[in-house]
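# Survey of secondary and tertiary structure
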Amino acid sequence: MNELIVDISIYNDPVGYASLHSNGIVANIVKGGGSLSRDRLLTRHAAGTRAAGMYLGMYYWTDPIQDAESQATHAAKLAADVGAHFICSDVEQWWADWSRWYQWRMGKLTKADVPVVLPRQIFKTAAVFRDKVKKLLPGLKFLNYSSIGFINTWCLDLFDLFADDPFWLAQYPVTGP
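The text that follows walks through the structure, step by step, so that each part is easy to find. (Residues numbered from 1 in each chain as written. Predicted model: local features only at pLDDT ≥ 70, side-chain atom pairs only at ≥ 80, totals over all residues. Heavy atoms only, no water.)

### Describing a nonpolar patch on the surface
Taken together, the side chains of Ile-148, Leu-156, Phe-159, Phe-167 and Leu-169 define a hydrophobic patch exposed on the protein surface, amounting to about 410 Å² of accessible area. Locating Ile-148 in the fold gives a position in helix H6 (residues 148-154). Classification of Ile-148 as partly exposed rests on a relative accessible area of 35%. (Patch = residues over 30% accessible without salt bridge, like charges linked within 9 Å, V, L, I, M, F, W, Y side chains within 5 Å. Areas by Shrake-Rupley, 256 points an atom, 1.4 Å probe, with all protein chains shown as cover. Salt bridge = Lys/Arg side-chain N within 4 Å of Asp/Glu carboxyl O. Helix = DSSP H or I, 4+ residues; strand = E, 2+ residues; numbered from the N terminus. Buried < 20%, exposed > 50% of the residue type's maximum accessible area, 1.4 Å probe, protein only.)

See the structure below:
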């Protein structure tokens, strides 16, 4: 694939949508939300993407400590509401406690102090989320999103799960997740 695609979330504001398109970007994948929340800039990013003539994808942070079916229902509604052309499940969460994870990120705890999600729960959440979204939005292309580092470290079985759908590969510098 030679197309250029960017992802956009609450952390990207303002965005020059027309400039992105004129510089070769063919699609934006905007954050819809995650953990049963909605990205507060979803509507603006979706409208800007569509107005600039680009394809609109939406990604959703799939949280393994939340109910997967509820998250899938929420994500499918968000994608339908903004007229997404495709939807992505962002599978990158290894921690089982948001508060302790945040304390670690702020340097108040060690990483060892953050409880982890078992690989079988990561896999189950990703599989149930995918299956439910596909059932709710049968005409929409579904993609999985993660990094090789996450899969190798936290849930090797995701390679098998992700084999059936397009895979959006996250690549982070050494300091990333």
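### Digging into the packing of aromatic side chains
The tally for this structure, following the rule as stated, stands at 13 aromatic pairs. Here Tyr-59 and Tyr-145 contribute two aromatic rings whose centre-to-centre distance is 6.3 Å and whose plane-to-plane angle is 45°, an arrangement assigned as tilted. You can see Tyr-59 sitting in strand S4 (residues 55-61) and its partner Tyr-145 sitting in strand S6 (residues 141-147), a full 86 residues away along the chain. The class for Tyr-145 is buried, based on a relative accessible area of 8%. Taken together, Trp-61, Trp-94, Trp-95, Trp-98, Trp-101, Trp-104 and Trp-154 form an aromatic cluster joined through their ring pairs. The lysine or arginine in question, Arg-105, covers the ring of Trp-104, its NZ or CZ lying 5.3 Å from the ring centre. Sitting over the ring of Trp-94, Lys-111 keeps its end group 5.1 Å from the ring centre. (Phe/Tyr/Trp six-rings, centres within 6.5 Å; stacked < 30°, edge-to-face > 60°. Lys NZ or Arg CZ within 6 Å of the ring centre and 35° of its normal.)

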